[in-house]
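Examination of the molecular architecture
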Amino acid sequence: MKVTIIGTGYVGLVTGTCFAEMGNTVTCIDVDAKKINALKNGVIPIYEPGLETLVIKNVANGNLNFSTQLSDALPATEIVFIAVGTPMGDDGSADLQYVLAVASQLGKEMTHDLMVVDKSTVPIGTADKVKATIQKELDQRNSTLNFQVISNPEFLKEGAAIEDFMKPDRVVIGAEDEIAFAKMRTLYAPFLRNHDRLIEMDIRSAEMTKYAANAMLATKISFMNEVSNICELVGADVNKVRLGIGSDNRIGYSFIYPGCGYGGSCFPKDVKALKKIAEEYGYQAQLITSVENVNNQQKLVIANKVVKRFGEDLKGKTFALWGLAFKPGTDDMREAPAIYVVKELVKRGAKIQAYDPKAMDEAKAFYLKDVEGIIYKNAKYETLINADALIMLTEWKEFRSPDFEEIKAQLKNPIIFDGRNQYNIFNLEEKGFEYYQIGKQTTLRGV
């Protein structure tokens, strides 16, 4: 099948590459000429495990193409995916200007009947706006071409996007008639050979499914973080509480790990957008609002622990920081807890020595570029030299089982602040550490 993907960001590039891997002829379109030239040469603008290999392979075999011109692909394409960004507006709503600009361009340039698929995460009712925009352009051309707008939300996890696409939990399709459903079934058939996980529904329900899924996962995270804060106050151990409730199959263990809050490109933006959608219809989404509020507070829990231990004035203090990305397996720092922790500590006069396997370039170029007092190191143990304590915020594999004797030898003080409770299994207090984690009071025995 001939497929066009408009937008070569995270969703568009993964989608186009995976369709190409299954033998489709795919052209990815983007207005950024520098990015397109880089992609043609196998240079990937994001870090996603396995993506670079697949892009290079499919460019070489001719299944995957890149262009800045929609006209290079549109005349021969059967399905067009809109996968451009929907950045969060000042009021929390999703900004549809890029989606609707693509719709307008399609209406102006399409030369035959088309299936147009919304792959971007968009508010409920966006398909109607895309449809109206395309139709307006066709009417101005006095064209009688037919098209359908389909909703096909993505459910990719950063760091595991290729596997998620190749072996999906579900493929949600929102459409208006059987022709559209049949076309999408054919496109996704290679990904569903072992089990049919394609779910068909109306368009608005498909649009809502994406927001509801992310809001549900964010709710589990914020709930567990709220419980962890209560555990710490009453003297309970949230790590044991997690095991106690996760063993109930109605709850399960997924997304109930206590930590320093969620970040990334999806949860923060989608929670805000769903709250805004509810407000536009006159409904106050109290639970979703609380989820957001809890998460905003949770991002500063580790910083608050540092301040409580070392005092309000952190001048002369240096902290080793392991982890900048919002989660392991990605270089994405959007809404990462590290941003908030670093800025809070630096504001109080602290110096930061940071290391992350993938996200340091992002930090330097964008998210922490204006922050003075942060130095980036080339290896995790280098951050420890002359540092007063270690702060761990991202659970990369290389951080999970470190040499604690080396940590103790390098730090001025054997103190660890663990924002992901990765080290609670090592009995660090018995090794002579002050160990601060989420959801459990710190015991200073052995220091």
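As a starting point, this report considers the structure included with it. All values reported here derive from a predicted model rather than from experimental measurement.

1. What about the sheet that holds strand 11 (residues 374-376)?
In any sheet, the strands associate via hydrogen bonds between backbone groups, in a parallel or an antiparallel arrangement. If you trace the six strands from one edge of the open sheet to the other, you get 11-10-9-12-13-14, paired in parallel fashion. Among the strands making up the open sheet, the edge pair consists of strand 11 and strand 14 (434-436). Between one strand and the next, the sheet's axes are offset by a mean angle of 20°, whatever the strand orientation. Where strand 9 (residues 318-322) lies against strand 10 (residues 351-355), five bridges are found, and the strand directions are parallel. Paired with Thr318 across the bridge in strand 10 is Lys351.

2. Structural notes on the packing of aromatic side chains
Any aromatic ring pair is given by two values, namely how distant the centres are and how the planes are angled relative to each other. A full pass over the atoms with the stated rule returns 20 aromatic pairs. Ring centres 5.4 Å apart and planes at 65° place the aromatic pair Phe19 and Tyr188 in the edge-to-face group. Here Tyr188 lies in helix 7 (residues 178-188) and Phe19 lies in helix 1 (residues 10-21), a separation of 169 residues in the sequence. With respect to burial, Phe19 and Tyr188 carry one shared label: buried. Here the aromatic rings of Phe404 and Phe426 are separated by 5.0 Å at their centres, their planes lie at 55°, and the arrangement is tilted. Here Phe404 is found in helix 16 (residues 404-410), whereas its partner Phe426 is found in the loop between strand 13 (415-418) and strand 14, with 22 residues between them in sequence. Note on Phe404: relative accessible area 7%, which makes it buried. Phe426 gets classed as partly exposed once you look at its relative accessible area, which sits at 23%. Pairwise contacts between aromatic rings join Phe19, Phe81, Phe165, Tyr188 and Phe191 into one cluster.

3. Considerations on a nonpolar patch on the surface
Where nonpolar side chains cluster on the molecular surface, the patch consists of Ile230, Leu233 and Val234 and spans about 340 Å² of accessible area. Note on placement: Ile230 falls in helix 8 (residues 203-234). Of the residues examined, Ile230 reaches a relative accessible area of 48% and is grouped as partly exposed.

4. A few points about the pattern of salt bridges
Inspection of every chain in the model, using the stated rule, returns 25 salt bridges. For Arg185, the salt bridge goes to Glu178, with nearest N and O atoms at 2.9 Å. Put simply, Glu292 and Lys275 hold a salt bridge, and the shortest N to O gap is 2.7 Å. Of the two residues, Glu292 sits in helix 11 (residues 286-298) while Lys275 sits in helix 10 (residues 267-280), which places them 17 residues apart along the sequence. By the burial criterion, Glu292 is buried, and Lys275 matches it. Shared partners join several salt bridges into a network, and the residues in it are Glu312, Glu344, Lys347 and Arg348.

Thresholds applied
Residues numbered from 1 in each chain as written. Predicted model: local features only at pLDDT ≥ 70, side-chain atom pairs only at ≥ 80, totals over all residues. Heavy atoms only, no water. Pairing = 2+ DSSP bridges. Helix = DSSP H or I, 4+ residues; strand = E, 2+ residues; numbered from the N terminus. Axes fitted to C-alpha atoms, helices over the stretch in contact; angles between N-to-C directions. Phe/Tyr/Trp six-rings, centres within 6.5 Å; stacked < 30°, edge-to-face > 60°. Buried < 20%, exposed > 50% of the residue type's maximum accessible area, 1.4 Å probe, protein only. Patch = residues over 30% accessible without salt bridge, like charges linked within 9 Å, V, L, I, M, F, W, Y side chains within 5 Å. Areas by Shrake-Rupley, 256 points an atom, 1.4 Å probe, with all protein chains shown as cover. Salt bridge = Lys/Arg side-chain N within 4 Å of Asp/Glu carboxyl O.

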